[in-house]
Amino acid sequence: MKICAIDSSGLTAAVAIVEDDITIAEYSIQTGLTHSQTLLPLLDEVKSRIDLDISTIDAYAVAAGPGSFTGLRIGIATVKGLGIALDRPVAAVPTLEALAYNLYGSGDIVCPIMDARRSQVYTGIYEFNPGLKLIMGQTAESFEDLCGQLNEMNRRVIFTGDGVPVFAGQMQEYLTCPYSIAPAHMSRQRAASLAALAEVYLRGEADGLEGCVTTADGLTPVYLRQSQAERVRQEAGGGA
Amino acid sequence: MSDDLSILAIETSCDETAAAVVRNGREVLSNVIYTQIALHTEYGGVVPEIASRKHVEKINPVVRQALADAGMELKDVDVIAVTYGPGLVGPLLVGVNCAKAIAWAAGKPLVGVHHISGHISANYIEHPDLEPPYMCLVVSGGHTHLVEVTGYGEYRIIARTRDDAAGEAFDKVARAIGLGYPGGPKIDKAAREGDAHAIDFPKGKVRDSEYDFSFSGLKSAVLNHLNSCKMQGIEVNTADIAASFQRSVVEVLCERSMEVFDNSDMDKFALAGGVASNTALRDALTDALSARGAKLYVPSPVYCTDNAAMIGAAAYYEYTAGVRHGYDLNAVPNLSL
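If you're wondering where the values come from, they're calculated on a predicted model, not measured in any experiment.

Cut-offs and rules
Residues numbered from 1 in each chain as written. Chains lettered and ligands numbered in written order. Predicted model: local features only at pLDDT ≥ 70, side-chain atom pairs only at ≥ 80, totals over all residues. Helix = DSSP H or I, 4+ residues; strand = E, 2+ residues; numbered from the N terminus. Rg over C-alpha atoms; globule rule 2.2 N^0.38 Å. Buried ≥ 20, exposed ≤ 12 C-beta atoms within 10 Å, placed from the backbone. Contact = placed C-beta atoms within 7 Å. Domains from an automatic or database assignment. Nonpolar A, V, L, I, M, F, W, Y, C, P; charged D, E, K, R; others polar. Pairing = 2+ DSSP bridges. Axes fitted to C-alpha atoms, helices over the stretch in contact; angles between N-to-C directions. pLDDT = per-residue confidence, 0-100. Core = buried A, V, L, I, M, F, W, Y, C linked by C-beta atoms within 7 Å. Expected span 1.5 Å × (residues − 1).

A. Expanded view of the overall build of chain A. Summing up its helical and strand segments, chain A has seven helices and eleven strands in all. Relative to a compact globule of 240 residues, whose C-alpha radius of gyration would be 18 Å, chain A shows 18 Å and is just as compact. Judged by the C-alpha coordinates and their principal axes, chain A covers about 50 × 45 × 35 Å. Considering chain A as a whole, with its 240 residues, one finds that 48% of them fall into the buried category. Within chain A, counting contacts between residues at least 6 apart in sequence, those at least 24 apart form 71% of the total.

B. Spotlight on the overall build of chain B. Summing up its helical and strand segments, chain B has eleven helices and ten strands in all. Compactness check: chain B gives a C-alpha radius of gyration of 20 Å against a globular reference of 20 Å for 337 residues, within 12% of the reference. Taking the principal axes of the C-alpha coordinates as reference, chain B spans close to 70 × 45 × 35 Å.

C. Representation of the domain arrangement of chain A in the model. All names here are of chain A. Segmentation of chain A into domains returns domain 1 (2–95 + 189–232) and domain 2 (97–186). Placing the centre of domain 1 and that of domain 2 at their C-alpha centroids yields a distance of 22 Å. Of the residues lining the interface, 22 residues belong to domain 1; the matching set on domain 2 comes to 16 residues. Listed by contribution, the elements that provide at least two residues to the side of domain 1 that touches domain 2 are β5 (90–94) and α6 (191–202). Residue composition of the side of domain 1 that touches domain 2, grouped by class: eleven nonpolar, seven polar and four charged.

D. A look at the sheet that holds strand β6 (residues 134–139) of chain B. All names here are of chain B. In space, the five strands of this open sheet follow the order β8-β7-β6-β9-β10, with mixed pairing throughout. Two strands lie at the open edges of the sheet, namely β8 (154–160) and β10 (296–297), each paired on one side alone. In this sheet, β8 lies alongside strand β7 (residues 144–151) in antiparallel orientation, the contact comprising six bridges. Note that in β8 the partner of V147 across the bridge is I157. Sitting on the sheet, helix α4 (residues 115–126) is in contact with β6, β7, β9 (269–272) and β10, with an inclination near 125° to β9.

E. Inspection of the pairing of strand β3 (residues 22–29) of chain A at higher detail. Residues and elements named next belong to chain A. Relative to β3, strand β2 (residues 13–19) runs antiparallel, the two being bridged by seven bridges. In the sheet register, A14 faces β3, and the bridge partner there is S28. A loop of two residues connects β2 with β3, the two strands running antiparallel in sequence, and D20 in this loop sits at a positive phi of about 45°.

F. How the structure looks around the confidence of the model for chain B. Taken residue by residue, chain B gives an average pLDDT of 95. The fraction at 70 or more is 99%. Scoring of the predicted complex yields 0.95 for pTM and 0.97 for ipTM.

G. A look at the interface of chain B and chain A. Listed as interface residues are 31 residues of chain B and, on the opposing side, 28 residues of chain A. Mapped by element, the contributors of at least two residues to the side of chain B that touches chain A are α2 (48–69) and α3 (89–106) of chain B. Class assignment for the residues of the side of chain B that touches chain A results in 20 nonpolar, five polar and six charged.

H. Here's a closer look at the sheet that holds strand β1 (residues 6–11) of chain B. All names here are of chain B. In space, the five strands of this open sheet follow the order β3-β2-β1-β4-β5, with mixed pairing throughout. In this open sheet, the two strands that pair with only one neighbour each are β3 (27–35) and β5 (110–114). For this sheet the average axis-to-axis angle between neighbouring strands, irrespective of direction, equals 20°. The pairing of β1 with strand β4 (residues 79–85) spans four bridges and is parallel. Of the residues in β4, the one forming a bridge with A9 is A81. Packing against the sheet, α3 makes contact with β1, β4 and β5, and its axis sits at approximately 155° to β4. Against the sheet, α4 engages β3, β4 and β5, with an angle of about 95° to β5.

I. Region of interest: the nonpolar core. Residues A5(A), V62(A) and V93(A) are the most contacted members of the largest nonpolar core, which totals 190 residues. Of all the elements, α3(B) adds the most residues to this core, at twelve residues. Setting aside chain neighbours within four positions, we find V62(A) in contact with I6(A), G75(A), I76(A), V79(A), V90(A), A92(A), V93(A) and L219(A).

J. Representation of α6(A) within the structure. All names here are of chain A. With twelve residues, α6 ought to run about 16 Å at 1.5 Å a step, and its terminal C-alpha atoms sit 16 Å apart, in line with that. The buried fraction of α6 is high, at eleven of twelve residues. If you check which residues of α6 are buried, you get A191, A192, S193, L194, A195, A196, L197, A198, E199, Y201 and L202. At the C-terminal side of α6, G204 shows a positive phi close to 75°.

K. Representation of the domain arrangement of chain B in the model. Residues and elements named next belong to chain B. According to the domain assignment, chain B consists of domain 1 (6–121 + 304–320) and domain 2 (132–299). Counting from both sides, the interface comprises 15 residues of domain 1 and, opposite them, 21 residues of domain 2. For the side of domain 1 that touches domain 2, the elements supplying multiple residues, two or more each, are α1 (37–41), α4 and α11 (309–320). Tallied by class, the residues present in the side of domain 1 that touches domain 2 amount to seven nonpolar, seven polar and one charged.

Next comes the structure, spelled out in structure tokens:
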């Protein structure tokens, strides 16, 4: 099965072509440019480097959220466009599951964190046994609350994600459990990890995980948050 | 057989998710518009994040419907076109990235289109005789431009607004007098019941420019009028305010347009943009032009509001002039004409 994977949920723009447990191509860049300027050129570069015949793609994988609202929409609109030209199943993989999958096989519990602003993180808690298992599903919460949950589990934990540099100081302050930080090759969204986990979804073996297999038309971002306008309106006692 | 060129066009710059197939720049084979107006009405205006989310939900069904209505498959289309600015960045990005991916995966050329160039080009759809050069007044929620169309896709801006766009003034005044969003059609309707000479609102002028527009003073005058009525306990006549406000806007737009038109060597005048649907403005310009032996070119209302057929029309002339965009095409919210 040939999977074309796209992740623009965070600061990294990432694309990969993975076929039957082999990464044919993987590009990850973090630049000052927007994903709208980098994502498709990366895919085009991959296409020419590996002489990809687009019609041989069997499925798409996309980081479906959470993440930057704009970043998510760039990746998802891209997959929707691909689907209009070439309709294939889409594995809508939760961003945090895909991040955790960078550390496949870890004996420690894995805690991806993304900076969600407003002093929160997008996070989840995962372990491998032997495949990816959920301890706590993805959510937006304060880093302090997350630390409380991890302290209660009192297991070794490894952090990954672009929230790490933001919350490194608070880790020292709040955590009583042993912890470590994923090194550079595992510390950001990787499209090959996304594709590998997508294959688990596409084989129908993702029981207990939070993503789904859908179509390009049915693909929906997982924002985990309302828009600010809806939130303000709700807090003011307006409609639903 | 043919030299025919079919363009699949996508437009998501504000609160309409739209797609169309246009042949040779002038023949609309399909024109699908999903409007989000109802969604934004309760917020009194377009909320960019809510609009962006809705575009993501609607983009594929709208594009597929446009192909189906045209009786086409993607392989029958020659070019993919998309609005890349100006507009709201979040909404623009949905259309731009969807269009780019379609173009890439289908191996079709990509043409990015300026939203205002689209509005102007909407006139080509129903007026086979219209060719540049001509003068065009573009009035919408975001723009008020008097433009010399010197060639297809070639523009010289003669005048523009220094503050609020005309359509923006309609929205703000409509909100102030309790008519709600969208202001243009609501004021147009209310004005028919009112006395356009009931209140003498000012006609905005810009000191250092002969032709530029200003609508913020007019908006303030309406707000002041409402305040002073309130303080004096006078009941406000909404229809009279709507009619008087609209008269002021229409007179400024019409008088300024005719000054510029008279001083140019153009003999054709076109109207474009969402506010081009305003009946008072259409009537005033039609009268002023017929007094000069000229005709007003104006699109049907469905091509005045944001739509993708107009983008397909503009894209045809860009494409035939050799314009192609790369896969790094970005949304440009403040793109200049």
